[in-house]
Structure formats: structure tokens, C-alpha cells
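For reference, the chains in residue letters:
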Amino acid sequence: MDFKLTEEHLLIQEAARDFAQNDLLPGVVERDEEQRFPEAEVKKMGELGFMGMMVAPEYGGSGLDTISYVLVMEELSKIDASASVIVSVNNSLVCWGLETYGTQAQKEKYLHRLASGEIIGAFCLSEPEAGSDATSQKTTALDKGDHYILNGTKNWITNGSSADVYLVIAQTDKEKKHKGINALIVEKGAEGFEIGPKENKLGIRGSDTHSLIFNDVKVPKENRIGEDGFGFKFAMKTLAGGRIGIAAQALGIASGAYELALKYSKERKAFGTEIANHQAIAFKLADMHTQIAAARHLVLKAAWDKDNGHNYDLSGAMAKLYASQVAMDTTVEAVQIHGGNGFVKDYHVERLMRDAKITQIYEGTSEIQKIVISRSILK
Ligand code: CAA
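Before going further, it helps to examine the overall build of the chain. Helix and strand content of the chain: 11 helices and 9 strands. Its C-alpha radius of gyration of 21 Å places the chain within 12% of the 21 Å reference for a compact globule of 379 residues. Dimensions of the chain, computed from C-alpha atoms along their principal axes, come out at roughly 80 × 45 × 40 Å. Counting all 379 residues of the chain, 54% fall into the buried class. Expressed as a percentage of contacts within the chain between residues at least 6 apart in sequence, the contacts between residues at least 24 apart total 74%. When the accessible surface of the chain is summed, it comes to about 16700 Å², and 53% of that surface belongs to carbon and sulfur atoms. Side-chain charges of the chain comprise 43 positive and 52 negative groups, with the mean position of each set lying 4 Å from the other.

In this structure, Met45, Leu98 and Leu167 are the most contacted members of the largest nonpolar core, which totals 91 residues. Looking at this core, the element that brings in the most residues is helix 7 (residues 231-267), giving 17 residues. Not counting chain neighbours up to four residues away, the residues in contact with methionine 45 comprise Phe19, Phe50, Met51, Leu76, Ala83 and Val87. Ranked by size, the runner-up nonpolar core spans 17 residues in total, among them Cys124, Tyr166, Val186 and Val217.

This paragraph deals with the site of the ligand. Close contacts around the ligand come from 24 residues, with Ser132, Thr158, His178, Arg243 and Arg375 the closest. With respect to the ligand, the side chain of aspartate 313 contributes an N or O atom lying 3.2 Å from a nitrogen atom. In this structure, arginine 375 approaches the ligand through a side-chain N or O atom, which is 2.7 Å from an oxygen atom. Look at the ligand: alone it shows 1100 Å² of surface, and the protein chains cover 76% of it. Taken atom by atom, the bulk of the ligand overlaps the largest pocket. Elements with a minimum of two residues in the shell around the ligand: helix 5 (81-101), helix 7 and helix 11 (366-378). By residue number, the principal contributor to the shell around the ligand is helix 7, which donates 6 residues. By residue class, the composition of the shell around the ligand is 10 nonpolar, 7 polar and 7 charged.

Moving on, we come to the environment of glycine 117. With respect to the helices, strands and loops of the structure, glycine 117 is situated in the loop between helix 6 (104-115) and strand 1 (121-124). For the pair glycine 117 and glycine 49, spaced 68 residues apart in sequence, the C-alpha separation works out to 8.3 Å. Beyond its immediate sequence surroundings of up to four residues, glycine 117 is in contact with Gly46 and Met51.

Thresholds, definitions, all that
- Residues numbered from 1 in each chain as written.
- Predicted model: local features only at pLDDT ≥ 70, side-chain atom pairs only at ≥ 80, totals over all residues.
- Heavy atoms only, no water.
- Helix = DSSP H or I, 4+ residues; strand = E, 2+ residues; numbered from the N terminus.
- Rg over C-alpha atoms; globule rule 2.2 N^0.38 Å.
- Buried < 20%, exposed > 50% of the residue type's maximum accessible area, 1.4 Å probe, protein only.
- Contact = heavy atoms within 4.5 Å.
- Areas by Shrake-Rupley, 256 points an atom, 1.4 Å probe, with all protein chains shown as cover.
- Lys, Arg positive; Asp, Glu negative; His and termini not counted.
- Charge placed at Lys NZ, Arg CZ, Asp CG, Glu CD.
- Core = buried A, V, L, I, M, F, W, Y, C linked by side-chain atoms within 4.5 Å.
- Near = heavy atom within 4 Å.
- Polar contact = N/O pair within 3.5 Å; in protein donor to acceptor, adjacent residues only side chain to side chain.
- 1 Å grid on protein atoms, 1.4 Å probe; cavity = no way out; pocket = protein on both sides within 12 Å on 5 of 7 lines; lining within 4 Å.
- Sits in = over half its atoms within 2 Å of the grid points.
- Nonpolar A, V, L, I, M, F, W, Y, C, P; charged D, E, K, R; others polar.

Geometric values such as these leave the question of function open.
In C-alpha cells:
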């Protein structure tokens, strides 16, 4: 067993760290406050190859492994989890889904532009009444021979107004339950496709989250991903990988908060010495460091499973469940270590604390991860 990263992995990690420090850090507080999408930053991440990290070079991607992807996700998330969720959805849900299950024509039409960051994608599964209970899709895609007619509403969609390509999960045959669900590619501007109002969120406020409304949208059959009825499996398989990306995001939020707390505790003085010299603070740092190391091992193991052709449903769910809890615990403690300053936006830890919460909710809540984990160990 070799716990060392390769030279290539270290270089990629360093590139992401530099980009996060130089390009994401300036303006991150303002983007959060104004709920402003990081448009220029996404363009630059496209140029750096971060938007299609695992896409094969023949489709314009970087052709890297999942380990590289989680390293980049961690570094970006230390500074700006709004930017990293855009990267995560584009890479793990949209590009991976299209590259793995799309037709040759679909790959050629969309992947180059998605991988270069020229356009971005959105993944549309959740509905007002189908969040965790994802098989209860109310959005319908009625089969009309050479096309589908799409009707319904999707909720909490990341990249809701910024995306150009939307992967929409919808029910074609209700009788067949989850086996009657399809995944369709819908382009922005399609007649009858409306973008609903932007959500005013607790965290990841720079990412744009919207509801989407489909009113008799005509979608050609060639836009279906996989066989008829493959849509639910498509969503599950895609989300299994997505959860590794979100686990890496949670890890980054935790390690970002820890690094700030460590630095602060070596500078800030109270009772005549740096606060790190007080055991109350030193023990908090020891706990944070240990939990982050454990989360990192789970995240890297899940990525390694994916890269080596092993099943990663269980390891990805465990990584997300644990890393998101560590993100919550660590960011709360980082605010505490900063005291009054922790409550002020300029010190960044309050934003990381707000950003941490969503990692326990999206791409499957912590309770859903426990369903996946328990089913896997009990079967
Ligand atoms: N891989 C392949 N197939 C899978 C699978 C997987 N990982 N998980 C389930 N399936 C298949 C099952 O085998 C079954 O198919 P068969 O009948 O052919 O065997 C089918 O899917 C239904 O599975 P279940 O009976 O287990 O279904 P369930 O109703 O009990 O639900 C669940 C399972 C795990 C709870 C699922 O509903 C789930 O994951 N819910 C959470 C949804 C979610 O993560 N939403 C996130 C929204 S996207 C998002 O947040 C993106 C963003 O913008 C950031």
C-alpha cells in the first residue's frame, strides 16, 4: 500500500491551490454576499481543464483520473464551495453521465464544449415532491413516436440559469415505476422551457440554484440517454460518482476552515500567550486534524475504487456521509476558535460554516447515504 501521491497528482493539486488563492479568493466574500455567479472564474477553470477533468482528450477533456478530480475539488472548496459545486456537477453528473452512457452523436455534440467550460451543464432530478424519494417522479416525458413531450417542475437545480445543457429525468410510463423513467437532454431556449426564480440560500450563494418549468417541451428521441427506461439507473449510477465529488467538496470546506483556525490560533493572543498554547484550543485542533485525515482517506479510497473498476456505491456513500459531518463539525469549531472575529465575514470561516451544511443535503442527504450503506452491508 502506497499512501504517497504521484508527481502528476502533486502538480495538479498545486495548480488548483494556486488558482484558488489567486483567482477565487479575491471577491469570494462579495460573490457570496451578492449571490453572484463566478462567471470569469468558471471560464478560467475551463481553460485550466477543471471543467472536464475525467473526460477523454478525444472529447476535449483532460483525461485525468478520479484521484486528480478529488484533489482539485478539495483545493477549490477550501476557498470557494460555490465555484466547486459548479465544477462537481459539470464533471461528475453531466460530463461523466454523457461520456459513459451517451450516444456517439451526443458526445460529439456536447462534450467538447462542456469539458472546455464554453458551456456548463445541469442535472435535473429533484422535484417539489421527489427529493430523497427520487423514484416518485411527477415530471412526465410522454412518448410521441420520434419525440417526447416533457411537462413538470424541477427544484433546487444547481447551475439552473447558467447552464446550456440540462439532463432531465422524467417519467414516461408510470405503470413501470422506476423502470419507466427516462433521462433526456434539453437545451436552454427550447420552446416551453422556463427558468424559475433564483433561490436565496444559506450557503454556496455564488452558485445559482433555480426551479425549472417544462410546459409541453418537445424533445427529440435522439436526446434520450441510454435505452428506454434507463433514466433512473442513469441517475443512480451518475450520483454514485457525484457523491465522491461532494465528499471531496466537504473535505475541502473542512480543511479550509482548519487551516484558517490553525493560523489564527498561532497569531491571536489571550491571557499573555498565543491561544494555540491553551489546551482548550490545542485539543480542538487535534480533533479537527484527525477527523480531516480520516475523511481524506475515505475520499481517496472511494476515488481509487472508481479508478480501479471496483464498485464505489458503498465507499462513495461512506466518504460523503463522514466528510460532510466533518465539514459541519470543523467549521463550527473554526468559528469558535476565531471568537468574535469568526462571526465576521472578512475572516471567511462563517462562510465555510454556512457552505458546509449543503454537503449533508445535496446529491443524497446523510440519511440517504445511510440507506445506501446499510443496504450494502446487509445484502
Ligand atoms: N447503481 C445502479 N442501480 C441502482 C443504484 C446504483 N447505485 N441504486 C439503485 N439502483 C437501482 C436498483 O437496482 C433498482 O433497480 P432494479 O429494480 O432494476 O433492481 C432501482 O434503482 C430502484 O432502486 P431502489 O429499489 O433501491 O429504490 P428506492 O426507491 O428504495 O431508492 C435511493 C433508492 C437510494 C433512496 C434513491 O432514491 C436515492 O438515491 N435518493 C436520493 C436522490 C438524490 O441523491 N438526489 C440528489 C439530487 S441531484 C443533486 O443534488 C445535484 C445537484 O444539483 C448538486
